Amino acid sequence: MTGRTSTRLPAFASSFVGRAAERTALSEGLARSRLVSLVGPGGAGKSRLAVEVVRDLPDVVGFVELAAAGVGPRPAGDVALAVLDACGVRDDPELTPAARLVGRLRDAPGVLVVDGCEHRHDEVAALVATLLRGCPDLRVLATSRRRLGVLGEEVQALGALEDDGTALFAARARAVRPDLRLDDDAVAAICRLAEGLPLAVELAAGHARVLALEDITAGMADRLRFAAADDPGLAARHRSLGACIAWGVAAAGAPAARALAALSVIGGRFTMAAAAGVAGDDAPAVATLVEHSLVTFDPADGRYRLLDSVREHAAELLLADGTGGVVHTRLGDWVATLAAELAPGLGRAEPDALARLDRDRAAVHAALRRAAATGSRLDRAADVVADLAFGWSLRGRCAEGRELADGVHGALVHPPPRLRWALAFLTAYAGDLGAGVALALEAAEHASAAGDAQTHGRALTLVGMVQMFVDPAGADPVLAEAVTLAVGAGDDWGEVESRQMRAYSCLLRCADAEALRYADQALPALDRLGHPQLRAWDGAIRAEIACRAARYDHAEACGRAALEMALGVAEPVSAGAGLLPVVRALAARGRADDAAALVAEVRPFFTTHPGVGTALVVELAEAVAAVARDPVAALGPVDALRAAAGSAGLPAVDGELAVLAATCALLAGHPDAAASAAVDAARAADAIGHREIACAALLTGAAAERAAAAPGSAEREGAARRAHAALTAAAVGGLEGLVPDALDLVAGVALDAARVMVAARLHAAADRRRDELGAARSPLARALLADRDAVAAALPAGARREAVAAGARLDRNRAVTYALRARGTRHRPTSGWESLTPTEREVVDLVGTGLTNAAVGEALLISAGTVRTHLRSVFAKLDVTSRTELAALAARREGR
C-alpha cells in the first residue's frame, strides 16, 4: 500500500484506470460533507474507487469490508465489531462495541470507509448516525447499492464507464495478451454489451487470452440473450454483469466452476489452505479463477476474496448443483483440523498460531455459524470453539468468540464440558463476570460427572479467579482443588493458571510467603509451557511481593519485565498487573515524574487493548503517581476516581484509593475528610483481609485524628494508641514501606507528650530506614513535617545533633522497639518471660552478650541507672539473683 495512512487498505494487482471526474467529485464531497455515500450497482467499481480516493489521505481510521465479514445470519452489534476490528481496536469488556467505537474515534479526526453497506443496511445506518453524533471530527465514506438515509448524507451515484471503458478493456486485455491488436469498434461494442460496468469489462477482457475480439463480442451477445430469456424483468445492467460472470465461469472450465461455488461458503478473505479445504480436488483451479478475474488476490495480504457480485453468482451455482452439503462438510472438517492443530500453540500464546487463526477467521466464522444454524456436526463445532478460545482471548476478541460459542452452545441439547468452559471463559473475559462464573460452575459440575479433570480444574480456576477479588480466603480452597485437578490431568496451562491465581489470592491477604511459594511451585510447568503471558503474571506476582517488602529495585525490575512480556503479546490484564508495582516502587523512591511518564507511555496501549478492569488499573497507577508528585492537586481527581470506581466492587482498589484520598485530604488541611476516607479504607481492607491497606488506613486515620484533635484531649490519646498499633502492625506484618512513616507518626505522638528528644531520635531512625530502603519521604511523611520543625525549634542545636546521632544508630528492629516503649498499660502476666516488656527483653539480650550496664544503656539510648532498674525488674519477674543466672536461663530458653 502506498500513501500516508497507517490503515491497511485492500491492494490490487492491476492498475486503476479512468474515473478521473468521479475521483475528483468524491474527494471534494469528502472535503465538504461528513457522510458521503457512493451508490451504484454491483460491479460498478465502488470499492476500487473508494480505495483510490482515500489511498493518499493521511487520516484513514479504518477500512471496513462488510462483504468479507462473513455470510449467513449475523447477531446484532456485529457491524460494530467489524468496524472495531478494521480500526485495529480490540473489544472492551466494560463497553458495548458502539460505545467503544465512539470513545476511540471521538478525538481521532479522519475518514472511516465502510464498504458494502447493503449487506447490513439498517445496522450500518444506525451505527454511522451514532458515530457522527459522538465523533465531531469523523467523516464517513460508505459504498452501497442504496443510500443509507442518514441525516446529512451526500449521495454520489456511480454509473457506467463512458470513454474510460475502452481504456479499461485495453489495459486488462493487454495484461493477459501483450501482442493483442485492438479494434476500436470491436472494443466499443464489447463495452456496450458490458453496459459500461467495470467488472463486466474486466471479465470480458480476460477472454482475450484465448479469443479474438469478434468471438468475445459474439459470446457476450449470446450470454445476454440467454439471461434475458431466463429473466425478462431483470435490469439490463444486471443481466450484462450476470452474463459476463457466467460466461467467465464457463470459460474457466468445470473444475474452476466447482471451486468457485465451493469458495462462496467462506464469505470473506481466505488462504489457499482454506480454499483447498473447501474445494477439494478442484483446488488447483483457484489459479484459473484468478486469471479470469473471478477471484481477487491481494498481494500485500497473501489472501484471496470474491467480489460481491461474483460471490452471489457462485452461491447460485452451489445451490444449483446440489453440492452445498458436501462443501459445508469439507469446510467444517478443515476448520476442525485447523483448530486442533492450533490449540497447542494457542495454549502457549505462540505468535505463529495466532497469526494463522487471524488469516482464516472468515473460514472459522463460516463453519461455526453454519453448524449453529443447521445443527450439523455440533460436536465438531464444540471442539473448534474449545480449541480456539485462547486465541480469541489473546487477540482481544472475546465478544466475537463468545457470540460464536454461544451459538453452538445454544444449538446443543447437552453441551459438552469443554464447550461450557470455553463459553464461560470467553463470557467472563468479555466483561460479564457474573454470567461467566455461573457458566463455569455448570462446566465444573458437568466435567466432574464426565470425569474430565482438565476441564473441571479450568472451570474451578475461573470461579476462584473471580471470587478472589471479593473473598480471597474463600477462593483459596477452590483454587487448591483446581491445582490438584490440573496436576492430575497433566494440564500445564491449568496448573500454572491455578497456582498463580492462588498466589494472587494470598497477595490480596498479604500472605506473601505463601504467594511466593505458590508462584515457585508453578515454575516447572511454566518452563514446560513457555507461555509469555503467564510468565508476565509470574513477574507481576514477584513484583508485588518485592514492593510490599520495600525491595523497590527488585520490584521495579520484575514489574518492568512482566510489563514488557505482556506488551509483547498484547495482553492488557497481565500488563496492568506488571505496571502497578512498578509505579508504586518508583513513587516510593521519590521518582514520581518517572512513574507518571511510564503511565503516560503505556496508556495508548491500554486504550487500544482494553481488558477486564484494566482501565481502572491504569487510572489507579496514574493516581499513585499524581499523589506522590503533588497530593494537594491530586485530591480532586482521586476523589472523582473513587466515585467512579465504587461500582466495580473491588475492595483492594477501593481501599488503596481511599488511603490515597485520606493522604491528599490531610495535606490539603482537611483532617476530618482524611479521617473519613481512612475509615472507608479500613472497611475495604477488612472485607478481604488486606493487612497492608488496613495498616495504611490505621496510619492515615491516626494522623488525621491527631491533626483534628486538641492537645491533651481523649481524641489525641486515641490517635496515639492507633499510631503505636500501626507501627506494630507494620513491623510484625513485614510491611516495610510503612515502617518509616509509622516511626514518624509515633515521633509526633512523643512530641505531644513533650518527649522531644525521643521524637528527634525517632525522626532520625525513620530517615535511616528510608536510606536503607532507598525510599523517599512519602506524602504522609510530608504531612508530618511540621513535627520535625517543632522538634528543631524546641531543642538546642547540640541536643538536636546528639538526638539525631543516637537515632541514626538505631537499626530497624531497635528503632521499632524504642518507639513502642511506654505505650501505656498493657495486660501482661506478673512473672515469667511473657511478663517482660520489650525494653526488658532487649536488656536481657544485650546482657547475655557480656555488655556492661553502660554499654547496654548506650545501645538502648538510656542511662546506666535505667539499665540497673530494668535488671532489678527482670530478676524479680524471672526469680533470678545475678547476671550469670539470668544468662544461663536465657540460654536454656533459646536451646543453646
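You'll find the structure just up there.
The rules behind these values
- Residues numbered from 1 in each chain as written.
- Predicted model: local features only at pLDDT ≥ 70, side-chain atom pairs only at ≥ 80, totals over all residues.
- Heavy atoms only, no water.
- Helix = DSSP H or I, 4+ residues; strand = E, 2+ residues; numbered from the N terminus.
- Buried < 20%, exposed > 50% of the residue type's maximum accessible area, 1.4 Å probe, protein only.
- Areas by Shrake-Rupley, 256 points an atom, 1.4 Å probe, with all protein chains shown as cover.
- Axes fitted to C-alpha atoms, helices over the stretch in contact; angles between N-to-C directions.
- Parallel < 35°, antiparallel > 145°, perpendicular 65-115°, else oblique.
- Left-handed = near helix turned anticlockwise from the far one by under 90°.
- Contact = heavy atoms within 4.5 Å.
- Nonpolar A, V, L, I, M, F, W, Y, C, P; charged D, E, K, R; others polar.
- Pairing = 2+ DSSP bridges.
- Disulfide = S-S within 2.5 Å.

Chemist: How would you sum up the overall build of the chain? Please name residues and give values.
Modeler: For the chain, the helix and strand inventory stands at 45 helices and seven strands. Projected onto its principal axes, the C-alpha coordinates of the chain cover approximately 125 × 60 × 45 Å. Residues classed as buried in the chain amount to 56% of the 896 residues present. Only carbon and sulfur atoms are counted for the fraction: they give 55% of the accessible area of the chain, which is about 35300 Å².

Chemist: Explain the packing of helix α20 (residues 417-429) against helix α21 (residues 433-450) to me, using residue names and the numbers behind them.
Modeler: Packed helices, taken two at a time, are described by the angle their axes make and the gap between the axes. It is the contact of α20 with α21, at a shortest axis distance of 8 Å, that shows an interaxial angle of 160°. In this view, α20 runs roughly antiparallel relative to α21, as classed from their interaxial angle. For α20 against α21, the interelement crossing comes out left-handed. On the side of α20, the interface is formed by Pro-417, Arg-420, Trp-421, Leu-423, Ala-424, Thr-427 and Ala-428, while α21 contributes Leu-433, Ala-435, Gly-436, Leu-439, Ala-440, Glu-442, Ala-443, His-446, Ala-447 and Ala-450. Residues of the contact of α20 with α21, tallied by class, amount to twelve nonpolar, three polar and two charged.

Chemist: Which residues make up the pairing of strand β1 (residues 35-39), and what values go with them?
Modeler: Within β1, five of the five residues are buried, which leaves the element mostly enclosed by the surrounding structure. Because side chains alternate across β1, one face comprises the buried residues Leu-35, Ser-37 and Val-39, and the other comprises Val-36 and Leu-38, equally buried. Bridging between β1 and strand β4 (residues 138-144) involves five bridges; their strand directions are parallel. Bridge pairing in β4 links Val-39 to Ser-144. Direction of pairing for β1 relative to strand β5 (residues 154-157): parallel, over a ladder of four bridges. Its bridge partner lying in β5, Leu-38 is registered against Gln-156.

Chemist: Account for the packing of helix α30 (residues 614-629) against helix α31 (residues 631-645), naming residues and giving values.
Modeler: Where α30 meets α31, the closest approach of the two axes is 8 Å, and the angle between their N-to-C directions is 160°. The angle between α30 and α31 falls in the class roughly antiparallel. Remark: the crossing between α30 and α31 carries left-handed chirality. Contacts between α30 and α31 involve Leu-616, Glu-619, Leu-620, Ala-623, Ala-626, Val-627 and Arg-629 on the former and, on the latter, Pro-631, Ala-634, Val-638, Leu-641 and Ala-645. Taken together, the residues of the contact of α30 with α31 sort by class into ten nonpolar, no polar and two charged.

Chemist: So, the state of the cysteines: which residues are in play, and what are the values?
Modeler: Using the criterion set out here, one finds zero disulfides in the structure. Free cysteine: Cys-506, not disulfide-bonded; nearest cysteine sulfur from Cys-510 at 11 Å. For Cys-558, which is in no disulfide, the shortest distance to another cysteine sulfur is to Cys-547 and amounts to 11 Å.

All quantities given are derived from atomic positions and should not be read as evidence of function.
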